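Tertiary structure, described
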Amino acid sequence: MTFDWLVVGAGFAGATFAERVASTRNETVLVVDRRPHIGGNAYDHFNADGVLTHLYGPHIFHTNSDTVAAYLSRFTAWRPYEHRVRAVVDGKLVPIPINLDTINMLYGLDLDEAGVAAFFEARRDAGREIRTSEDVVVAAVGQELYEKFFRGYTRKQWGLDPSELDKSVTARVPVRTNRDDRYFTDSFQAMPRDGYTQMFARMLGHPNIEVRTGLDWRDLPPGTGWRRMLFTGAIDEFFDHRFGKLPYRSLRFEHRTLDTAQVQPVGVVNYPMTQAYTRITEYKHLTGQIHPKTTITLEYPSAEGDPYYPIPRPANAALYKAYEALADARDDVVFAGRLATYRYYNMDQVVAQALAIVARLDARARQRPATTASS
Ligand code: FAD
Ligand code: UDP
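Residues numbered from 1 in each chain as written. Chains lettered and ligands numbered in written order. Predicted model: local features only at pLDDT ≥ 70, side-chain atom pairs only at ≥ 80, totals over all residues. Heavy atoms only, no water.

Section: the site of ligand 1
The environment of ligand 1 is formed by 34 residues, the closest being Asp33, Pro58, His59, Ile60 and Met347. Note that an oxygen atom of ligand 1 is positioned 3.1 Å from one of the backbone N or O atoms of Phe12. The contact in question runs from an oxygen atom of ligand 1 to an N or O atom on the backbone of Asn41, over 2.9 Å. Relative to its unbound accessible surface of 1,000 Å², ligand 1 loses 96% to contact with the protein. Listed by contribution, the elements that provide at least two residues to the shell around ligand 1 are α1 (12-24), β2 (29-33) and α12 (347-374). In terms of residue class, the shell around ligand 1 is made up of 16 nonpolar, nine polar and nine charged. (Near = heavy atom within 4 Å. Polar contact = N/O pair within 3.5 Å; in protein donor to acceptor, adjacent residues only side chain to side chain. Areas by Shrake-Rupley, 256 points an atom, 1.4 Å probe, with all protein chains shown as cover. Helix = DSSP H or I, 4+ residues; strand = E, 2+ residues; numbered from the N terminus. Nonpolar A, V, L, I, M, F, W, Y, C, P; charged D, E, K, R; others polar.)

Structure, rendered in structure tokens:
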């Protein structure tokens with residue numbers, strides 16, 4: 001059988017695209033993923049002890065896009081959840097993003113908002129040109145807080161000094177003078193009520209979609225046909241590393257289930273100064289599950305392993321551009337998602353990108369009759 005589309009990858013990019021073309025364009029889709037499950041990095045499951053766990057680390061959904069929230073809401077109900085993170089710094093458990101309470105707790109002060117603004121003003125390097133991830137933080141809060149909260153964490157996470165990374169990386173984490181201790185301030189923040197995997201199952205449940213997991217697309221049996229492909233894996237791998245390996249950062253996840261109801265006060269605790277891992281997640285805060293046991297995940301960054309993060313820095317952007325030129329020359333393949341477009345995208349941005357790709361296909365289809373008529 002010949003499918004209209006082969007979609008490689010059953011994560012957010014692949015599932016959104018497959019669902020849209022199947023249901024709005026009435027096209028047939030074969031979705032393959034080499035992992036033994038759907039959902040990509042957002043996959044979650046009930047582990048052997050019955051605790052809902054994210055196999056690839058904490059995934060918290062947040063977006064400012066009404067379109068993306070409305071789209072995903074067709075496939076899931078939501079549990080309202082605002083993410084909060086603490087960092088262990090100088091032996092204290094303090095809010096990150098750095099806010100008024102962080103400074104007061106860390107330095108034993110009793111500043112108000114104006115006081116903490118003056119505290120930052122006295123320490124920040126205001127005149128600094130902002131190019132790197134070091135510049136962003138030092139320009140906002142000065143050297144000392146940069147070293148306590150960002151330098152060590154970033155070196156662990158990326159295997160690079162913040163001065164070697166684009167400013168966009170640490171700019172993901174703001175600095176506040178008020179007491180807002182939420183990690184995100186997006187207008188929509190929630191977790192899929194029944195988990196991500198259930199949501200993906202509904203997205204991919206369309207009768208025009210066939211899903212095969214545990215299968216690399218290159219191992220599809222002979223005779224499987226498709227007209228076009230949406231590829232959401234690593235772009236350098238697609239082109240057999242023709243220009244060399246495009247660096248992606250990996251993680252090793254250590255999942256532990258403990259015989260206690262709760263171990264930490266918030267969903268995630270960061271370790272910027274100590275430990276080989278960057279952070280520990282306790283899922284029950286995210287999922288709201290009531291259970292006598294609790295599951296946590298420690299994240300150990302690594303150069304080896306599955307690609308999880310594109311690494312934003314100029315040399316990598318240049319190498320990606322070379323691959324992107326190969327991609328642009330392929331009419332038969334569309335590249336989408338975090339790995340294939342080498343962008344440090346959150347889940348909502350991946351959904352928005354996939355929706356935009358479908359919108360472009362629709363626009364082209366509308367233009368085609370006019371072009372034909374005039375030629
Ligand atoms: P993926 O989910 O990576 O899916 C690509 C799929 O393609 C994979 O399943 C892979 O197996 C498959 N594939 C690749 N090559 C082949 C092949 N040759 N044949 C068959 N299949 C193939 N985002 C947020 O918004 N909030 C968060 O809190 C958040 N936390 C995160 C935490 C961690 C630790 C990580 C790594 C990411 C986090 N993200 C978060 C980002 C989020 O995971 C991504 O934005 C999103 O999952 C990307 O979806 P995707 O479809 O582009 O890629
Ligand atoms: N970061 C840091 N210290 C922290 C939190 C974040 O140095 O306590 C830096 C680090 O470089 C990290 C980046 O900010 O990779 C982005 O953080 P985020 O929490 O968005 O990372 P993600 O959830 O994508 O892994």
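Read on, since the account is not over.
Observations concerning the site of ligand 2
Neighbouring ligand 2 are 16 residues, the closest being Thr154, Arg172, Tyr183, Tyr309 and Tyr344. Within the side chain of Trp158, an N or O atom sits 2.9 Å from an oxygen atom of ligand 2. Contact distances for ligand 2 include 2.6 Å between an oxygen atom and a side-chain N or O atom of Tyr344. In the complex, the protein chains occlude 94% of the 520 Å² of accessible area that ligand 2 would expose alone. Residue assignment for the shell around ligand 2 shows that the elements contributing at least two residues are α6 (143-158) and α7 (167-170). Its residues assigned to classes, the shell around ligand 2 shows 10 nonpolar, four polar and two charged.

Focus: the packing of aromatic side chains
Aromatic ring pairs are reported here in terms of the distance separating the ring centres and the angle at which the planes meet. Counting across every chain of the model gives 29 aromatic pairs. Their ring planes at 90 degrees and their centres at 5.1 Å tell us that Phe238 and Phe335 sit as a pair that is edge-to-face. Of the two residues, Phe238 sits in helix α9 (residues 235-238) while Phe335 sits in strand β17 (residues 333-335), which places them 97 residues apart along the sequence. By relative accessible area, Phe238 is classed as buried at 12%. Owing to a relative accessible area of 10%, Phe335 belongs among the buried residues under this scheme. Members of the aromatic cluster, connected to one another through ring pairs, are Trp217, Trp226, Phe231, Phe238, Phe239, Phe243, Tyr323 and Phe335. Against the face of Tyr56 rests Arg35, its NZ or CZ located 4.0 Å from the ring centre. One cation-aromatic arrangement involves Arg172 over Tyr344; the distance from NZ or CZ to the ring centre is 3.9 Å. (Phe/Tyr/Trp six-rings, centres within 6.5 Å; stacked < 30°, edge-to-face > 60°. Buried < 20%, exposed > 50% of the residue type's maximum accessible area, 1.4 Å probe, protein only. Lys NZ or Arg CZ within 6 Å of the ring centre and 35° of its normal.)

Things to note about the packing of α1 against helix α8 (residues 196-203)
Each pair of packed helices can be summarised by the angle the axes make with each other and by the distance between the axes. As a packed pair, α1 and α8 sit with axes 9 Å apart at the nearest point and diverge in direction by 30 degrees. By the angle class used here, α1 and α8 are roughly parallel. In this structure, the crossing between α1 and α8 has a hand that is left-handed. Facing α1, whose interface residues are Phe12, Ala15, Thr16 and Glu19, α8 presents Tyr196, Met199, Phe200 and Met203. Here the residues of the contact of α1 with α8 sort into six nonpolar, one polar and one charged. (Axes fitted to C-alpha atoms, helices over the stretch in contact; angles between N-to-C directions. Parallel < 35°, antiparallel > 145°, perpendicular 65-115°, else oblique. Left-handed = near helix turned anticlockwise from the far one by under 90°. Contact = heavy atoms within 4.5 Å.)

What about the pattern of salt bridges?
Tallied over the entire structure, the rule returns 31 salt bridges. Salt-bridge contacts for Arg25 lead to Glu27; the nearest nitrogen and oxygen are separated by 3.0 Å. Taking relative accessible area as the criterion, Arg25 reaches 24% and is therefore assigned partly exposed. Arg155 is the salt-bridge partner of Asp161, the closest N and O atoms lying 2.8 Å from each other. The structure contains a network of salt bridges with shared partners spanning Glu82, Arg84, Arg86, Asp180, Asp181 and Arg182. (Salt bridge = Lys/Arg side-chain N within 4 Å of Asp/Glu carboxyl O.)

Notes on the pairing of strand β11 (residues 225-231)
Sheet topology note: the strand β1 (residues 2-8)/β11 ladder contains six bridges and is parallel. The residue of β11 that forms the bridge with Trp5 is Arg228. Where β11 and β17 come together, three bridges link them in parallel fashion. By the bridge assignment for β17, Phe231 is matched with Phe335. (Pairing = 2+ DSSP bridges.)

Considerations on the nonpolar core
In this structure, Phe12, Leu72 and Phe149 are the most contacted members of the largest nonpolar core, which totals 65 residues. Excluding anything up to four places from it in sequence, Phe149 contacts Ala87, Val89, Val94, Pro95, Ile96, Ile98, Thr102, Leu106 and Pro272. Core analysis: the second largest hydrophobic core is formed by 35 residues, Leu160, Tyr323, Val333 and Leu339 among them. (Core = buried A, V, L, I, M, F, W, Y, C linked by side-chain atoms within 4.5 Å.)

A few points about the side chain of Asp180
Residue position: Asp180 is located in the loop between α7 and β9 (188-192). A polar atom in the side chain of Asp180 sits 2.9 Å from the side chain of Arg182. Discounting residues that sit within four places of it in the chain, Asp180 has contacts with Asn99 and Thr185.

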